[in-house]
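# Close look at the chain arrangement
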Amino acid sequence: MIKTITFLQSEVDWRKAPPPSLPEYAFIGRSNVGKSSLINMLANNKGIAKISSKPGKTQTINHFLVNNAWYLVDLPGYGYAKISKTMREKWAKMIRDYLVLRENLQVVFVLIDARLEPQKIDLEFINSLGESQIPFVLIFTKSDKLSALRVSQNVEAFKKALLETWEELPPIFISSAITGKGRSEILDFIAVTNSECR
């Protein structure tokens, strides 16, 4: 349950992030996967994360304080092609440094578009998390855009693709920013993880 959520700051250098005194949960996904909409749905506040029809809106690491108990972190999307190669590399380094070095990071929520077949860029990003031993969870977004059967088929196809390189699968949630699907399950997962941090 999110009772209060406050935007704290944006930074391009993880070392300037708030003190690592609280558990932290990062949200990331391919550009235009619906990350801002999902964060707003979780927060029950349509204006917390800025939504844009143009990919690449989030360009910094954004920290929010939730219930004065944990940090929610909105990260830039990966795989956004319409920026220069130099800028893309700069973003990639910013994200990688944060993910690998931020000591209070508990879990990375990787957002996957439920409408699509497994995308190479998502699988490569997930494998890079595994190589760095960063815990992650998958959230399939936009599940309201197609039938439950199609969502299930796409999720199963993604699991199958993952199992080509992984021995076991991470926790998986199905979400919709429109209907609120997945909200309580994702927040319950965070609450349980927080209780284990104490």
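One can find the structure itself at the top, above this paragraph.
Here goes a summary of the coordinates provided. (Residues numbered from 1 in each chain as written. Predicted model: local features only at pLDDT ≥ 70, side-chain atom pairs only at ≥ 80, totals over all residues. Heavy atoms only, no water.)

### A look at the overall build of the chain
We count it as follows: Only DSSP runs of H or I reaching four residues or more are called helices, and only runs of E reaching two or more are called strands; each is numbered from the N terminus. With C-alpha atoms as the basis for the radius of gyration, the globule rule is written as 2.2 Å multiplied by the number of residues raised to the power 0.38. Only protein chains enter the area calculation, which uses a 1.4 Å probe; residues under 20% of their type maximum are buried, those over 50% are exposed, and those in between are partly exposed.
Counting secondary structure elements, the chain contains five helices and seven strands. Computed over the C-alpha atoms, the radius of gyration of the chain is 16 Å, within 12% of the 16 Å expected from 2.2 N^0.38 for a compact globule of 198 residues. The principal-axis extent of the C-alpha atoms belonging to the chain is close to 40 × 40 × 35 Å. Across the 198 residues that make up the chain, the buried fraction comes to 45%.

### Re the packing of aromatic side chains
Let me state the cut-off plainly: Two rings from Phe, Tyr or Trp (for Trp, the six-membered ring) form a pair when their centres sit within 6.5 Å of each other. Planes less than 30 degrees apart are called stacked, planes more than 60 degrees apart edge-to-face, and all others tilted.
Tallied over the entire structure, the rule returns nine aromatic pairs. For the pair Phe27 and Phe109, a centre-to-centre distance of 4.7 Å together with 15° between the ring planes defines the contact as stacked. Highlighted residues: Phe27 in strand E2 (residues 24-29) and Phe109 in strand E5 (residues 105-113), separated in sequence by 82 residues. Both residues of the pair, Phe27 and Phe109, belong to the buried class. Grouping aromatic residues by their ring pairs yields a cluster made of Tyr25, Phe27, Trp70, Phe109, Phe173 and Phe189.

### Concerning the pattern of salt bridges
To be explicit about the condition: The term salt bridge refers to a side-chain nitrogen of Lys or Arg lying within 4 Å of a carboxyl oxygen of Asp or Glu.
The final tally for this structure, using the stated rule, is nine salt bridges. One salt bridge connects Lys93 with Asp97, and the closest N-O pair in it is separated by 2.5 Å. Here the residue Lys93 and the residue Asp97 both occupy positions in helix H2 (residues 85-101), the gap between them amounting to four residues, near one helical turn. Glu156 is the salt-bridge partner of Lys159, the closest N and O atoms lying 3.2 Å from each other. One end of the pair, Lys159, and the other, Glu156, are both in helix H4 (residues 148-162), three residues apart, so they sit about a helical turn from each other. Residue class for Lys159 comes out partly exposed when judged on its relative accessible area of 24%.

### Here's the deal with the nonpolar core
Stated precisely, the cut-off is as follows: For our purposes a nonpolar core is just a set of buried Ala, Val, Leu, Ile, Met, Phe, Trp, Tyr and Cys residues, chained together by side-chain atoms within 4.5 Å.
Formed by 30 residues in total, the largest nonpolar core has its most connected members in Leu99, Val108, Val110 and Leu138. Secondary structure elements with two or more residues in this core: E2, H2, E5, helix H3 (120-131), strand E6 (136-141) and H4. Counting residues in hydrophobic clusters, the runner-up holds 25 residues, among them Ile2, Phe109, Phe173 and Leu187.

### Description of the sheet that holds strand E3 (residues 61-66)
To keep things clear, this is the line we draw: Following DSSP output, two strands are said to pair if at least two bridges run between them. What counts as an axis is a line fitted to C-alpha atoms, over the stretch in contact for a helix, and the angles between N-to-C directions run from 0 to 180 degrees. Throughout, a residue-residue contact means that at least one pair of heavy atoms, one from each residue, lies within 4.5 Å.
In space, the seven strands of this open sheet follow the order E1-E3-E4-E2-E5-E6-E7, with mixed pairing throughout. Unpaired on one side and paired on the other, strand E1 (5-11) and strand E7 (172-174) mark the two borders of the sheet. Averaged over all pairs of adjacent strands, the angle between their axes in this sheet comes to 25°, without regard to strand direction. Direction of pairing for E2 relative to strand E4 (residues 70-74): parallel, over a ladder of four bridges. What sits directly across from Glu24, in E4, is Tyr71. Sitting on the sheet, H3 touches E2, E5 and E6, and the angle it makes with E5 is about 170°. Each of E2, E4, E5, E6 and E7 is contacted by helix H5 (residues 183-197), which is oriented at about 165° to E5, the strand it contacts most.

### As for the side chain of Asn62
Put simply, the rule is: Between N or O atoms, a polar contact is any pair within 3.5 Å; within protein, one atom must be a potential hydrogen donor and the other a potential acceptor, and residues adjacent in sequence are included only when both atoms are from side chains.
Locating Asn62 in the fold gives a position in strand E3. By relative accessible area, Asn62 is classed as buried at 10%. In terms of polar contacts, Asn62 uses its side chain to reach the side chain of Ser10, at 2.5 Å. Discounting chain neighbours no more than four positions away, the residues touching Asn62 are Phe7, Gln9, Ser10, Leu72, Val73 and Asp74.

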